[in-house]
Amino acid sequence: MENLTEDQLYAQLQELIERISELDEVAMTKIQARLDSLTKPLNSLGQLEHIAKQLGGIQRTSTPKIFKKAVLLMAGDHGVVEEGVSAFLQEVTPQMAYNILRGGAGINVLARQAKADVFLTDVGVAFPLEGDFIHKRVANGTQNMTKGPAMTRHEALRALLVGADVAAEKIQDGYNLFATGELGIGNTTPSSAIVALFTNSSIEEVVDRGTGIDDAGLVKKRGAIEKAFAINQPDRTDALDVLSKVGGLEIAAIAGSILQAAASRVPIVIDGFISTAGALVAAKLAPKSTAFMIPSHGSVEIGHRRALTELGLEPVLHLNMRLGEGTGAVLTFHLVEAALCILDEMATFAEAGVSKQLT
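Residues numbered from 1 in each chain as written. Predicted model: local features only at pLDDT ≥ 70, side-chain atom pairs only at ≥ 80, totals over all residues. Heavy atoms only, no water.

Q: What am I meant to see in the overall build of the protein chain here?
A: Assigned secondary structure in the protein chain consists of 15 helices and six strands. Over its C-alpha trace the protein chain gives a radius of gyration of 20 Å, about what one expects of a compact globule, namely 21 Å for 359 residues. When the backbone C-alpha atoms are referred to their principal axes, the protein chain occupies close to 70 × 45 × 40 Å. Among the 359 residues that make up the protein chain, the fraction classed as buried is 57%. Long-range pairs, those at least 24 residues apart, make up 77% of the contacts in the protein chain between residues at least 6 apart in sequence. Here the protein chain has roughly 14300 Å² of accessible surface; of this, 50% comes from carbon and sulfur atoms. The centroid of the 32 positive side-chain charges in the protein chain is displaced by 4 Å from the centroid of its 42 negative side-chain charges. (Helix = DSSP H or I, 4+ residues; strand = E, 2+ residues; numbered from the N terminus. Rg over C-alpha atoms; globule rule 2.2 N^0.38 Å. Buried < 20%, exposed > 50% of the residue type's maximum accessible area, 1.4 Å probe, protein only. Contact = heavy atoms within 4.5 Å. Areas by Shrake-Rupley, 256 points an atom, 1.4 Å probe, with all protein chains shown as cover. Lys, Arg positive; Asp, Glu negative; His and termini not counted. Charge placed at Lys NZ, Arg CZ, Asp CG, Glu CD.)

Q: Sorry, what's going on with the pattern of salt bridges here?
A: Opposite charge on two side chains lets them pair, provided their charged atoms get close. Inspection of every chain in the model, using the stated rule, returns 14 salt bridges. In this structure, the salt-bridge partner of Arg-209 is Asp-215, at a minimum N-O distance of 2.7 Å. We classify Arg-209 as partly exposed; its relative accessible area is 32%. The partner of Asp-241 in a salt bridge is Lys-245, and the shortest N-O contact between them spans 3.2 Å. Here Asp-241 pairs with Lys-245, and both are found in helix H10 (residues 239–246), just four residues apart, close to one helical turn. Several salt bridges converge on common partners, so that one network encompasses Glu-6, Arg-153 and Asp-238. (Salt bridge = Lys/Arg side-chain N within 4 Å of Asp/Glu carboxyl O.)

Q: Would you mind showing me how to read the nonpolar core here?
A: It is characteristic of soluble globular proteins that their nonpolar side chains tend to be buried jointly. Counting residues in hydrophobic clusters, the biggest one holds 82 residues, and the most contacted among them are Phe-178, Leu-259, Leu-285 and Met-293. At 11 residues, helix H11 (residues 249–263) tops the list of elements feeding residues into this core. Contacts of Leu-259, omitting those with residues within four sequence positions, involve Leu-13, Leu-16, Ile-17, Ile-20, Ala-282, Leu-285, Ala-286 and Ser-289. With 33 residues, the next largest nonpolar core counts Leu-73, Ala-179, Ala-329 and Ala-339 among its residues. (Core = buried A, V, L, I, M, F, W, Y, C linked by side-chain atoms within 4.5 Å.)

Q: Before we go on, may I ask you to explain the packing of helix H3 (residues 46–59) against helix H14 (residues 327–345) in this structure?
A: Between two packed helices, the angle of one axis relative to the other and the distance separating the axes together describe the packing. Contact pair H3 / H14: the axes reach a minimum separation of 8 Å and the direction vectors enclose 85°. In terms of their interaxial angle, H3 and H14 are classed as roughly perpendicular. Facing H3, whose interface residues are Leu-48, Ile-51, Ala-52 and Leu-55, H14 presents Leu-335, Val-336, Ala-338, Ala-339, Leu-340 and Leu-343. For the contact of H3 with H14, the class distribution of residues is 10 nonpolar, no polar and no charged. (Axes fitted to C-alpha atoms, helices over the stretch in contact; angles between N-to-C directions. Parallel < 35°, antiparallel > 145°, perpendicular 65-115°, else oblique. Nonpolar A, V, L, I, M, F, W, Y, C, P; charged D, E, K, R; others polar.)

Q: Hey, could you run me through the packing of aromatic side chains in this one?
A: Any two aromatic rings considered together are summarised by their centre-to-centre distance and by the angle between their planes. If you walk through the whole model with that rule in mind, you get two aromatic pairs. The ring of Tyr-175 carries Lys-68 above its face, with NZ or CZ at 4.3 Å from the centroid. The ring of Phe-119 carries Lys-170 above its face, with NZ or CZ at 3.8 Å from the centroid. (Phe/Tyr/Trp six-rings, centres within 6.5 Å; stacked < 30°, edge-to-face > 60°. Lys NZ or Arg CZ within 6 Å of the ring centre and 35° of its normal.)

Okay, structure coming up:
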């Protein structure tokens, strides 16, 4: 892929976007009729009913099924950590990558409980990684966005298509429910920049403490984003421009995985703040892709709610989480499967001999 020109990469991206179509309204209407016939008051299961309909619309069937679940965890580093925006050193990224590979991270624990597989892709970790990762490194981390663009447009396109390729490979392997996940010290800074631009918010409204920086660190973080905006002048109407100037390689890969999931009619559960920044990039590139996104939790990061609102998504979990890695998304797998159990197993009024006066 690195040998392709920018125009060739862009053409591949556009071909992917053009494959994204609407949800199947016929299947959704049938599911709504089934839900309305079940032994419960109308709409009383709230978002579970919405998820069941959404899955049917995605899979184009009134009997949607989940076969194999995967967390697509994208890893990348950020040059902006030079500005003191994180409480952790960049060396933590590869250390955590190996922890995930050994199965010892939070995402591993929750994925095992959900019977899901975790796939970690090195899109742009600053340090060499060895082992059973998916090796698709575009660059050794981004550049410091306070001194110029975080990456070239060519790198941004490559990272987008890396995410798409990983998702496509897993779809071929039979996975039909994804969770987004990320790993990378400093990644709430580019995410905040993306959210500020795409939601037309002030820096103060979206920039929070990330890994737990103190007041001085928060001032540095906000100042770094302000400086990046001044130097790079990102065009908020051009998603690729925003992504390349103030984004991240793993954020781009998340966006690409969402686009591929949508093009392949596979539901994808969006994790927290960083993943939602990636979802915003995907939505700005392909507005139809939002129909294939399932929101998970509402992060304590102050910009997360604004990002979800921009996407028209309402979180199903409120757990005060901010770990990332895909942890909130994989917890939501349980609710996705619960929605299908309701659809498949709950008795209708006729079957149960219950009066429909309940409605």
